[in-house]
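Results of the structural survey
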Amino acid sequence: MRIRLAIRFTVIISVVLLVVMSIAAFLHINKVQNAFIERAKVETDMISDMILRDTYHMMLENDRARLQLTMEETGASDRIQRIRILGKAGVINFSSNVNEIGTTLSETDDSCAFCHLAGSKVLIDAPIDSRSRVFSDEAGNQYLSVTRGIYNEPNCYTGDCHFHSPDEKKIGVIDMAVSLREMVDVAHSHHVDVITQTLIMLLILSLCHYLLTRNYICDPIQSLLEQTKALSKGDLTARIERTAQDEIGELGRSFNEMAENLAQAQLELKDWGNTLEQKVEKRTEEIHAMQDQLLRSAKLASMGELVAGIAHEINNPLTGILMFASLSAKNPDLPTQVKDNLELIVSETGRCAKIVRGLLEFARESIPEKKLDSINRIIRQTLELVAQQTIFQDVKIRCHYEESLPQLAVDADQLQQVFLNMLINAGQAMPNGGSLSISTALVEDAVRIVIEDSGVGISQNDMNRIFDPFFSTKAQTGFGLGLSVSYGIIRNHGGRVDVDSNPGQGTRFSIFLPLQESRDLQVGGEEPKPEGGGAAQEM
């Protein structure tokens with residue numbers, strides 16, 4: 001598998017490299033060949049210009065013999081295939097090949113066509129690309145022909161040798177053809193070198209790719225395959241020894257982690273099997289404990305219903321006792337002892353009535369009748385009820401209400417009962433005076449009300465029980481129902497209560513009431529009016 005995969009990848013990459021390198025080699029060879037041709041054009045054109053300059057005075061003196069001799073001597077070079085001078089009518093006047101002297105070329109001939117491209121109009125100073133061409137003879141030898149115009153200068157149409165009209169721009173053409181055999185040999189040698197280098201590079205790259213693929217891909221995959229087979233046969237000690245810092249190495253590390261987890265799971269299963277009986281017994285005890293808890297909850301629920309019934313039944317006779325005892329105590333003719341006993345009956349009966357009211361409030365969860373109202377207004381109204389009580393005589397009350405606080409959908413009477421319970425608890429927690437801080441604020445999607453005192457605080461043992469019914473930290477004065485009722489009211493409003501307290505450092509109650517229900521109540525109605533909060537106030 002390893003060899004097949006390496007060979008397959010190497011063949012694919014080699015084919016891709018061969019195509020890419022072949023295209024690059026072709027473009028390079030073509031570019032070099034074009035560069036050789038361009039260089040040959042420039043050199044041939046320069047030679048033509050030099051011949052014209054050398055024969056310039058011969059033409060002015062009309063020394064035709066010397067001019068023809070120069071053509072023949074120049075054309076005798078191995079590199080030059082032919083050189084000739086044509087008149088304006090296409091007649092070959094001078095040539096290295098004496099047999100073609102006197103012949104006439106047509107305008108469509110390659111030597112004449114460059115200056116007749118625009119029809120009857122003769123081109124002046126044509127570019128070298130239009131004045132040159134590559135052609136082959138019957139033997140297959142390649143030649144480059146470059147044609148250059150001979151222009152009518154003042155010395156030509158004013159000289160004694162012959163006459164040319166001043167209106168004539170071009171009076172002749174020099175046509176020169178040179179052999180490209182040397183260039184072809186160099187280009188061929190270059191082509192062979194490029195192809196050879198391409199093949200050698202392809203062979204080296206393919207070999208390197210094959211070795212690297214085997215070393216970095218095939219060998220790790222082979223090792224992973226062997227360890228996977230071992231793991232599938234139950235050998236949980238199978239591991240990948242060497243993992244590289246790449247994707248295959250990450251796969252190996254994942255395999256090791258999987259094998260480790262399987263081994264750990266097997267150990268846990270063995271341990272589970274060894275301790276199954278103990279766990280079953282422990283789970284059975286937990287189930288019994290949950291059943292006992294459910295039973296106690298059911299008993300408490302039944303007790304709540306029973307307490308509600310009893311409280312309701314004794315409330316009426318208790319009210320009668322309280323009323324008649326109060327009336328009887330007002331009789332001035334009663335003996336002092338009887339009057340004192342009646343006053344004691346009134347006091348204890350009032351205490352019983354208060355307990356009964358607490359029981360009734362705890363037993364029934366009244367559904368809040370929610371309306372849009374101001375939290376700040378409810379707190380202020382509650383403060384007016386409790387601020388004059390004796391427990392707040394030495395307490396400094398600070399209030400800070402959030403400006404532009406939106407109105408909430410709440411039951412004002414129930415929330416006033418919550419604030420009343422918490423304020424009274426705070427006052428009772430500061431028998432020697434202290435400070436009470438009340439603040440409101442908008443946090444995320446809720447309104448937060450914070451009531452913080454500097455009283456005696458609550459111990460950590462009692463923190464988890466303060467909302468339980470009939471639990472109170474005030475052994476003599478509390479019934480343990482105020483915070484339970486308050487917690488139920490806040491819960492029915494969709495809010496929550498957080499408590500933070502330390503003994504001797506005071507207690508902080510944070511009430512959060514959501515805004516969503518208030519927004520739903522405002523849909524289709526008028527926009528909510530912001531509460532006119534202000535800066536901190538002191539009482």
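Residues numbered from 1 in each chain as written. Predicted model: local features only at pLDDT ≥ 70, side-chain atom pairs only at ≥ 80, totals over all residues. Heavy atoms only, no water.

All right, on to the overall build of the protein chain then. When its secondary structure is counted, the protein chain shows 14 helices and 13 strands. For the protein chain, the accessible area works out to roughly 33,600 Å², and carbon and sulfur atoms hold 55% of it. (Helix = DSSP H or I, 4+ residues; strand = E, 2+ residues; numbered from the N terminus. Areas by Shrake-Rupley, 256 points an atom, 1.4 Å probe, with all protein chains shown as cover.)

It is worth spelling out the environment of L515 at this point. Of note, L515 is situated in the loop between β12 (506-514) and α14 (516-522). In this structure the C-alpha to C-alpha distance between L515 and D445, which are 70 residues apart in sequence, comes to 5.6 Å. Leaving out residues up to four positions away in the same chain, L515 has contacts with P406, L408, L442, E444, D445, A446 and V447. (Contact = heavy atoms within 4.5 Å.)

As a further point, take the confidence of the model for the protein chain. The share of residues in the protein chain with pLDDT of 70 or more is 76%, and the mean pLDDT across the chain is 76. Per-element confidence in the protein chain ranges from a low mean pLDDT of 57 for helix α5 (residues 154-158) to a high of 92 for strand β10 (residues 446-453). (pLDDT = per-residue confidence, 0-100.)

Once that is clear, we can look at the pairing of strand β4 (residues 142-151). With respect to burial, β4 is a largely interior element, eight of its ten residues being buried. The sheet contact formed by strand β3 (residues 132-136) and β4 spans five bridges and is antiparallel. Considered in β4, the bridge of V134 is made with L144. Counting the residues between successive antiparallel strands, the hairpin from β3 to β4 contains five residues, one of them, G140, with a positive phi of roughly 90°. (Buried < 20%, exposed > 50% of the residue type's maximum accessible area, 1.4 Å probe, protein only. Pairing = 2+ DSSP bridges.)

Residues F419, L436, I449, I511 and L513 are the most contacted members of the largest nonpolar core, which totals 38 residues. Looking at this core, the elements with two or more residues in it are α10 (375-386), β7 (395-400), β8 (408-410), α11 (412-428), β9 (434-443), β10, α13 (482-492) and β12. Here the element with the most residues in this core is α11; it accounts for seven residues. Beyond its immediate chain neighbours, meaning those up to four positions away, L513 contacts I375, L408, V410, L415, A446, V447, I449, I490 and H493. With 20 residues, the next largest nonpolar core counts I83, L144, I171 and V178 among its residues. (Core = buried A, V, L, I, M, F, W, Y, C linked by side-chain atoms within 4.5 Å.)

Moving on: the pattern of salt bridges. Applying the stated criterion to the full structure yields eleven salt bridges. Across the salt bridge formed by R148 and D45, the nearest N and O atoms sit 2.6 Å from each other. Separated by 103 residues along the polypeptide, R148 in strand β4 and D45 in helix α1 (residues 2-54) bring together distant segments of the chain. Looking at D45, the relative accessible area reads 11%, which means it is buried. The salt bridge partner of D498 is R496, with a shortest N-O separation of 3.3 Å. (Salt bridge = Lys/Arg side-chain N within 4 Å of Asp/Glu carboxyl O.)

All right, on to α10 then. Compared with an ideal rise of 1.5 Å per residue, which puts twelve residues at 16 Å, α10 spans 17 Å between its outermost C-alpha atoms and is within 8% of the ideal. One side-chain oxygen at the N-terminal end of α10 lies 3.4 Å from the backbone nitrogen of N376; it belongs to S374. (Expected span 1.5 Å × (residues − 1). Polar contact = N/O pair within 3.5 Å; in protein donor to acceptor, adjacent residues only side chain to side chain.)

So, on to the packing of aromatic side chains. Going through the model one piece at a time under the given rule, you end up with one aromatic pair. Plain terms: the ring middles of F135 and Y143 are 5.7 Å apart, the flat faces sit at 25° to each other, and that makes the pair stacked. Of the residues examined, F135 reaches a relative accessible area of 22% and is grouped as partly exposed. Take Y143: its relative accessible area is 11%, and that puts it in the buried class. Over the aromatic face of Y401 sits the side chain of R380, whose NZ or CZ is 4.4 Å from the ring centroid. Residue placement shows R496 over the ring face of F512; its charged tip is 4.0 Å from the ring centre. (Phe/Tyr/Trp six-rings, centres within 6.5 Å; stacked < 30°, edge-to-face > 60°. Lys NZ or Arg CZ within 6 Å of the ring centre and 35° of its normal.)

Relative orientation of the contacting elements α10 and α11 amounts to 50°, with a least axis distance of 9 Å. Taken together, the axes of α10 and α11 lie oblique to each other. The handedness of the crossing between α10 and α11 is right-handed. The residues of α11 that touch α10, namely those facing I375, R377, I378, I379, Q381, T382, L383, L385 and V386, are A412, L415, Q416, F419, L420, L423 and I424. (Axes fitted to C-alpha atoms, helices over the stretch in contact; angles between N-to-C directions. Parallel < 35°, antiparallel > 145°, perpendicular 65-115°, else oblique. Left-handed = near helix turned anticlockwise from the far one by under 90°.)

When you tally the buried positions in β12, you get seven out of nine residues, the bulk of the element. Relative to β12, β10 runs antiparallel, the two being bridged by eight bridges. Its bridge partner lying in β12, V447 is registered against L513. Where strand β11 (residues 496-502) meets β12, seven bridges bridge the pair, whose relative direction is antiparallel. Its bridge partner lying in β12, V497 is registered against I511. Between the end of β11 and the start of β12, which pair antiparallel, lie three residues, with G504 showing a positive phi angle near 80°.

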